[in-house]
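Observations on the three-dimensional arrangement
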Amino acid sequence: MSFDYDLFVIGGGSGGVRAARVAAGETGAKVALAEEDRYGGTCVIRGCVPKKLMVFASEYPEMINEARAYGWDVSQGGFEWDMFHGKLAAELDRLEGIYRNILKNNGVESFDQRARLVDPHTVELADGTRKTAKHILIATGGRPVVPDFPGSELAITSNEVFHLPKLPGKMLIVGGGYIACEFAGIMNGLGVDVTQYYRGAQILRGFDDEARGLVSEEMCQNGIGLHLGTNVLEMRKEGDQIRVKATNGDENLFDVVMYATGRAPNTNDLGLEALGVELGRKGQIIVDEYSQTGVPSIYAIGDVTDRVNLTPVAIREGMAFVDTVFRGKPTPVDHELIPTAIFTQPEMGTVGLSEEEAAEQEPVEIYATSFKPMQSAFAGQTARVLMKLIISKATRKVLGCHIVAPGAGEMIQLAGIAVKMGATKEDFDRTVAVHPVMAEELVTMRTPVRSA
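Parameters and conventions
Residues numbered from 1 in each chain as written. Predicted model: local features only at pLDDT ≥ 70, side-chain atom pairs only at ≥ 80, totals over all residues. Heavy atoms only, no water. Patch = residues over 30% accessible without salt bridge, like charges linked within 9 Å, V, L, I, M, F, W, Y side chains within 5 Å. Areas by Shrake-Rupley, 256 points an atom, 1.4 Å probe, with all protein chains shown as cover. Salt bridge = Lys/Arg side-chain N within 4 Å of Asp/Glu carboxyl O. Helix = DSSP H or I, 4+ residues; strand = E, 2+ residues; numbered from the N terminus. Buried < 20%, exposed > 50% of the residue type's maximum accessible area, 1.4 Å probe, protein only. Pairing = 2+ DSSP bridges. Axes fitted to C-alpha atoms, helices over the stretch in contact; angles between N-to-C directions. Contact = heavy atoms within 4.5 Å.

Here's the deal with a nonpolar patch on the surface
On the surface, Tyr70, Trp72, Val74 and Phe378 cluster together into a nonpolar patch covering about 470 Å² of accessible area. Counting through the fold element by element, Tyr70 comes out in the loop between helix 3 (48–69) and helix 4 (81–105). Classification of Tyr70 by relative accessible area gives partly exposed; the value is 38%.

In structure tokens:
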């Protein structure tokens, strides 16, 4: 049987574009890709990239305060949201253009419209055109969701926060995951009066307890009104503001309410269930270790599979898919020991097991230190950092590394190499310290603070 294409990719985010580009440009496959929105996906258009640029923008006030403490005669004016937002939009346009050109230059045919599956080898575009392919790869990502409650339609999500016409005076952020906590720090740094509600007992559930506790403490010290064990009961419009009634009895007015309480895979109306593609409880596509669904010609990668929802993981999955299907080298994706950065303020970097997870598996030793870093301590600031290693008593391997500090994301990328290679505590001990830097503490801690 002949097909229009060797591969048809649905979704133009980082994972889908990488798979399409490599399959076409490096294996000679005939490839097409359909994207109903902007190329670049969540990460480039409404996630990692614009968020990180907003993090940078929000950190300058503290830098200015620190500069004064170091003797610089600097003054701080107001933040011009319109100027920043214009430059941000232009940068995202530039990056989308790069993604489009990558596909074009590698011979991938692009369709700027929605696509859905008709049968295991056929997709139908929004204009009714049908295309056949030997293999179909679904890389449609995920989307933020807002729970249904009275007034929920008044909330925005992380998709809309980048397009606010002006900075709010008072903002409520609901959620305790990394997206909620990152934007609480961003908006607080930009001068917004930020309140954060989280229904749980502590933010950043799933991360190391000691590390997330320090992040929570420092967020409060930075002026964020963090309310734990608190949720929204109802919201209603009141003039230009939103009146929010909370479970803790508070009732306040906010200019903007942002929900960051969860995301859902984009599998609606793709025609999957009719073809026998299994979906999970959250709507995610169920795949095997090679990203293959129960229908042999259909594969899925990235957030739509709800495995590890990180852009570099989606890219890795896309590369492994190409190796498996077009290079004849079956390649499972390794989802173990993935370094992660959370761009809260303070920043957090983590790889491997938390203390709590490790202690459930085997006896461990905990090496940790918390201190005021030289740069901020000199400026009279009280902020602390944390360096923490989780060590197996049996093998001496570093099971987890957790850093809360400025630049933690940069540090954990390098620490992640050692942890992935199976480094032991003694390997860390043998490494000569770089002095004076914060990260030297990772190789100078000699005595465990506790066993678990």
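Now that the structure is up, let's keep going.
Focus: the sheet that holds strand 10 (residues 225–228)
An order of 10-9-8-14 is seen for the 4 strands of this open sheet, with the pairing classed as parallel. Pairing within the sheet leaves two strands with one partner each, and these edge strands are strand 10 and strand 14 (256–259). Across the sheet, the mean angle separating the axes of adjacent strands is 15° when strand polarity is ignored. Bridge count between strand 8 (residues 170–174) and strand 14: 4 bridges; the pairing is parallel. Residue pairing across strands places Ile173 opposite Met258, the latter belonging to strand 14. Set on the sheet, helix 5 (residues 178–189) makes contact with strand 8, strand 9 (193–198) and strand 14; between it and strand 9 the angle comes to about 165°.

Digging into the pairing of strand 21 (residues 398–404)
Side-chain direction in a regular strand flips from residue to residue, so the side chains alternate between the two faces of the sheet. Extensive coverage of strand 21 is indicated by the burial of 7 of its 7 residues. Inspection of the sheet shows strand 18 (residues 348–352) paired to strand 21 by 5 bridges, in the antiparallel sense. Directly across from Thr350, in strand 21, lies its bridge partner His402. Summarising the sheet, strand 20 (residues 385–392) and strand 21 pair through 6 bridges and their orientation is antiparallel. From the neighbouring strand, Leu389 faces strand 21, where its bridge partner is Cys401. Count of turn residues in the strand 20/strand 21 antiparallel hairpin: 5 residues, of which Arg396 carries a positive phi of about 70°.

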